[in-house]
Amino acid sequence: MILAIDQGTTGTTCLVVDDELRPRGRGYREVTQHYPRPGWVEHDPDELWDSVLGAAAAALDNARIRAQDLDAIGITNQRETTIVWERLSGRPAHRAIVWQDRRTAERCRELPADLIRDRTGLVPDPYFSATKLEWLLSERESSDLAFGTVDSWLLWKLTGGEVHATDVSNASRTLLLNIHTLDWDEQLLELFGVPPAVLPRVVSSSAAIAEAQLFEARIPVAGIAGDQQAALFGQACFRPGQAKVTYGTGSFVLVNAGETPGSDREGLVRTVAWRLDGEPAVYALEGSIFITGAALQWLRDGLGLLGSVAESEALAGSLDANDGVYFVPALAGLGSPHWVPEARGLVTGLTAGTRPEHLVRAALEAIAYQTRDVLDAMRLELEVVRADGGGSANAFLMQFQADIAGIPVEVPEERETTALGAAALAGLAVGTWSSQEEIADAWRCARRYEPALGREDAERLLAEWRQAVRRALLG
Ligand SMILES: Nc1ncnc2c1ncn2[C@@H]1O[C@H](COP(=O)(O)OP(=O)(O)OP(=O)(O)O)[C@@H](O)[C@H]1O
Ligand SMILES: [Mg+2]
């Protein structure tokens, strides 16, 4: 049995996964979002850790096993979120700065974009860790401080402060890792004023990484990957050209790019997908869309238009068409393919006949349009995309996605692919599975959505959407 820890933006999910890669127990704890100022988003690192302990205990309980029965732990996490803590006391020096946080937008404007693209595969956007770390270090004397993304922080806590490491997929989101050498880049460390002493060691995503002490048991931590890379692994996208979209808080389109970072693509980023022990790293081409499911949460919590996000399916389906209403959910700037941190959201096409259903439908449609914009930027001939995450439960959204993208969308039986990916990485390292083929064999399609809308209709909708996006970009 493997314990998969998925520390996400909205909450922490833990799964106990059996030798067939099936969940046997589940635990969940929500995480508090702190918004100290407009555009700022923070988490309490101690609360993140407590949520892991709570969700892990619940998952073990639910599976009716003890920690002693676990063969390994796999960790996957919200990426880029930046934590700094005191090495001696183990206390966080500040709240975690979450990936959605825009406080460093100004700083990003003066960064050398070409150098950053070449070295890291990324773009100078407040989304990534380095400017957040720079901000945190400017608040404090850096001697005795440790930096980590959420994987590092959890590993540190799991090992009682013994191990300070990060896996290469998480490291590739910091703006500090050279994606060609897979090592911290000295010039970038200098650029951001990061002393090497604060950095974690970079390790493989599937290996004997450390020994954790959890509920009195000693268990190897054998897998670590960022949530989107773990989902790509959990979706068994092992061959170059295989793609997945995860519909969570934001949506993230990742395509396996093989064993080289590949060439730069405007509007997208290149990232490390994973590295198995003793093997070359595998890379991915990625489109990062910041706000998708979060727009539905905002319609629910901010505007009170929805009782639950699940209601969105029936409400959107109650209309025959969008009646020209478009919602550009730039609630945290725009990521791929625009990368405009200052962009603000807007709704266009309102009339006196516009009802809440229109806004709900526009929010769901926006998820699909944004994904199509990313797929266009990729310029790849994809045969199919595999979908997962909360939004993949929504049949209206999945059908509309297939219609707008013009390619089939497959939803697997197990939609917790992020956690399953972390379990798979850990299980490969401890011998639960001997090869990736076994993981691929365990993947089962539950539902396939075929494009049904005429191409002309799809292109007309897309043109209207892009008109609305242009307005949002004008500010
Ligand atoms: N039925 C649904 N239709 C559309 N969207 C949904 C539905 N159910 C959940 N979502 C959206 O999915 C998101 C949650 O998905 P998921 O549970 O995969 O996210 P998560 O893993 O918590 O996200 P993250 O890792 O970013 O924290 C929420 O933003 C929610 O609005
Ligand atoms: Mg998640």
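Shown above is the structure to which this text applies.
Quick notes on the rules
- Residues numbered from 1 in each chain as written.
- Chains lettered and ligands numbered in written order.
- Predicted model: local features only at pLDDT ≥ 70, side-chain atom pairs only at ≥ 80, totals over all residues.
- Heavy atoms only, no water.
- Near = heavy atom within 4 Å.
- Polar contact = N/O pair within 3.5 Å; in protein donor to acceptor, adjacent residues only side chain to side chain.
- Areas by Shrake-Rupley, 256 points an atom, 1.4 Å probe, with all protein chains shown as cover.
- Phe/Tyr/Trp six-rings, centres within 6.5 Å; stacked < 30°, edge-to-face > 60°.
- Helix = DSSP H or I, 4+ residues; strand = E, 2+ residues; numbered from the N terminus.
- Axes fitted to C-alpha atoms, helices over the stretch in contact; angles between N-to-C directions.
- Parallel < 35°, antiparallel > 145°, perpendicular 65-115°, else oblique.
- Contact = heavy atoms within 4.5 Å.
- Nonpolar A, V, L, I, M, F, W, Y, C, P; charged D, E, K, R; others polar.

Student: Please explain the site of ligand 1 as it appears in this structure.
Tutor: Taken together, the neighbourhood of ligand 1 is formed by 18 residues, with Thr9, Thr10, Thr249, Gln297 and Gly390 sitting nearest. One of the backbone nitrogen or oxygen atoms of Ala294 is found 3.5 Å away from an oxygen atom of ligand 1. The separation between an oxygen atom of ligand 1 and a polar main-chain atom of Gly390 is 2.9 Å. If ligand 1 stood free it would expose 640 Å²; the protein chains cover 78% of that surface.

Student: Any chance you could explain the packing of aromatic side chains here in plain terms?
Tutor: What characterises a pair of aromatic rings is the spacing of the ring centres plus the angle enclosed by the ring planes. Across all of its chains, the model carries 19 aromatic pairs by this definition. Plain terms: the ring middles of Trp85 and Trp156 are 5.5 Å apart, the flat faces sit at 55 degrees to each other, and that makes the pair tilted. Taken together, the residues Trp85 in strand β6 (residues 83-86) and Trp156 in helix α5 (residues 150-158) connect sequence positions 71 residues apart.

Student: How should the packing of helix α11 (residues 356-378) against helix α15 (residues 455-474) be read in this particular structure?
Tutor: The geometry of a pair of packed helices is captured by two quantities: the angle between their axes and the separation between those axes. Where α11 meets α15, the closest approach of the two axes is 11 Å, and the angle between their N-to-C directions is 95 degrees. The pairing of α11 with α15 is recorded here as roughly perpendicular in orientation. Taken together, the residues of α15 that come into contact with α11 (itself represented by Ala366, Tyr369, Gln370, Arg372, Asp373 and Asp376) are Arg455, Glu459, Leu461, Leu462, Trp465 and Arg466. Residues of the contact of α11 with α15, tallied by class, amount to 5 nonpolar, 1 polar and 6 charged.

Student: How do you make sense of the packing of helix α12 (residues 395-405) against α15 when you look at a structure like this?
Tutor: Running from N to C, α12 and α15 cross one another at 95 degrees; their axes reach a closest spacing of 8 Å. Comparing their axes, α15 and α12 come out roughly perpendicular. Facing Phe400, Asp403, Ile404 and Ala405 of α12, the residues of α15 in contact are Arg455, Ala458, Leu461 and Leu462. Among the residues forming the contact of α12 with α15, the class breakdown is 6 nonpolar, no polar and 2 charged.

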